[in-house]
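Okay, here's what each chain looks like letter by letter:
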Amino acid sequence: EVLYDFTPMLKAYKNGRVERLTGEQFVPASIDPATRVKSKDVQISPELGVAARIYIPGDANPDTKLKLPVVVYFHGGGFAVESPFSPLYHKHLNYLVAESNAIAVSVDYRLAPEYPLPTAYDDSWLALKWVFSDEAQNEEWIKDYADLGRVYLGGDSAGGNIAHHLAIRVGSEQGTNISLRGIFLNCPFFGGKDPVGVESSEEMVLWKKFVDNLWVFVHPKEFPGYDDPWINPAKDPRVSGLGCSRVLVYVAEKDYLKDRGWYYKETLEKSGWFGEIEVVEVKGEVHVFSVFSPDGENGLAMIKKVASFINH
């Protein structure tokens, strides 16, 4: 008997079984024939099962003294499905790296409900710390190519939520050697008890129920409500301390979460945060469109914009 039906993502049954409907395929690291981007997999914490896929541009040359910016990327999937190794994210990162001429570290964090939140945040923080660690300097692609003075966080949907929270942690945690230039959030998964924008419309009632139920599913313990700072940045007293000076947010016209992206901009600007934020809304598009079609017209345009943001 089905307890939760989050089709097309997953179904959860009353006996505890979770049936993931997407994101289960594995594509090996490779040299991508379309972009010539190279990738390989690394273990960050074998005991926890935290790993990453690293990407470098095909023409990256270790002999040059010109180091490349670094993108630490967090995949979407409602904290419950997908991985850096799925066809969807492997292709997306290949296109992002080729266009931006950057290194990418695509993080494989553990998924809910087997590992409920805040596990995904803790795993992602572990991966970010690894990028700046002495251990990472033993990884030749980091040692030879990475400019750790130009590090960006990025992610789509749940991954955008993670990128935001890691930037909050960078800004609030003392004694770290982590510095961020900026973050880019693609249709970020934010929410709240009170609807904003299109969330209050009749046609969005089912979507609000879907999102609210998904949040309870991935974060069931000590559930404080839909205004938990993990899901609603406007309720986070630390938000003004976001640890970077530049933010780029993409939203899609036909996405239920669209107005949360705009509300995020309003929240940061009212908080006293010292940086600059830009929101770009793409007409006619759906949630995380550029992940599903990075080589489509709008997907390529977005990736070009993100590349410009990274290389600013």
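This text goes with the structure placed above it.
Please read all numbers here as calculations on a predicted model, not as lab measurements. (Residues numbered from 1 in each chain as written. Predicted model: local features only at pLDDT ≥ 70, side-chain atom pairs only at ≥ 80, totals over all residues. Heavy atoms only, no water.)

**Remarks on the pairing of strand β8 (residues 146-156)**
Alright, step 1. When you tally the buried positions in β8, you get eight out of 11 residues, the bulk of the element.
Alright, step 2. When β8 meets strand β9 (residues 182-186), the two strands line up parallel, connected through five bridges. Bridged to glycine 154 within β9 is phenylalanine 184.
Alright, step 3. The β-α-β motif built from β8, the intervening helix α4 (residues 158-172) and the parallel element β9 has right-handed crossover chirality. (Buried < 20%, exposed > 50% of the residue type's maximum accessible area, 1.4 Å probe, protein only. Helix = DSSP H or I, 4+ residues; strand = E, 2+ residues; numbered from the N terminus. Pairing = 2+ DSSP bridges. Right-handed = clockwise from strand over helix to strand, strands pointing away.)

**Observations regarding the pattern of salt bridges**
Alright, step 1. Evaluated as defined, the whole model comprises 20 salt bridges.
Alright, step 2. Across the pair arginine 53 and aspartate 41 runs a salt bridge, and its minimum N-O distance is 2.6 Å. One end of the pair, arginine 53, is in strand β5 (residues 50-56); the other, aspartate 41, is in strand β4 (residues 38-45), with 12 residues separating them in the sequence.
Alright, step 3. Residue class for arginine 53 comes out buried when judged on its relative accessible area of 0%.
Alright, step 4. Here lysine 283 and glutamate 281 are joined by a salt bridge, their closest N and O atoms 3.7 Å apart.
Alright, step 5. Residue lysine 283 is classed as exposed on the basis of its relative accessible area, which comes to 58%. (Salt bridge = Lys/Arg side-chain N within 4 Å of Asp/Glu carboxyl O.)

**Some details on empty space enclosed by the protein**
Alright, step 1. The final tally for this structure, using the stated rule, is three cavities of 30 Å³ or more.
Alright, step 2. Here the largest cavity is characterised by a volume of approximately 70 Å³.
Alright, step 3. Phe190, Gly191, Gly192, Val211 and Asp212 are, among the 13 residues lining the largest cavity, the residues nearest its centre.
Alright, step 4. By residue number, the principal contributor to the lining of the largest cavity is helix α5 (residues 205-218), which donates four residues.
Alright, step 5. Broken down by class, the residue content of the lining of the largest cavity amounts to seven nonpolar, two polar and four charged.
Alright, step 6. There is about 50 Å³ of room inside the second largest cavity.
Alright, step 7. Considering the residues around the second largest cavity, the lining is formed by Tyr73, His92, Leu96, Gly155, Phe184, Asn186, Ser290, Met302, Ile303 and Val306.
Alright, step 8. At the level of secondary structure, the elements contributing two or more residues to the lining of the second largest cavity comprise α1 (87-100), β9 and α8 (297-310).
Alright, step 9. By residue number, the principal contributor to the lining of the second largest cavity is α8, which donates three residues.
Alright, step 10. When grouped by side-chain class, the residues that make up the lining of the second largest cavity number six nonpolar, four polar and no charged. (1 Å grid on protein atoms, 1.4 Å probe; cavity = no way out; pocket = protein on both sides within 12 Å on 5 of 7 lines; lining within 4 Å. Points joined across faces, edges and corners; volume = space filled by probe spheres on them. Nonpolar A, V, L, I, M, F, W, Y, C, P; charged D, E, K, R; others polar.)

**A few points about the side chain of aspartate 255**
Alright, step 1. Counting through the fold element by element, aspartate 255 comes out in the loop between β10 (246-252) and α6 (258-271).
Alright, step 2. Although buried, aspartate 255 forms no salt bridge, and the nearest oppositely charged side chain, lysine 258, lies 9.6 Å from it.
Alright, step 3. Sequence-distant contacts of aspartate 255, defined by excluding residues within four places in its chain, comprise Cys187, Glu285, Val286 and His287. (Lys, Arg positive; Asp, Glu negative; His and termini not counted. Contact = heavy atoms within 4.5 Å.)

**Overview of the environment of threonine 267**
Alright, step 1. Turning to its location among the elements, threonine 267 is positioned in helix α6.
Alright, step 2. Taking relative accessible area as the criterion, threonine 267 reaches 12% and is therefore assigned buried.
Alright, step 3. Sequence spacing of threonine 267 and aspartate 236 is 31 residues, and the spatial spacing of their C-alpha atoms is 10.0 Å.

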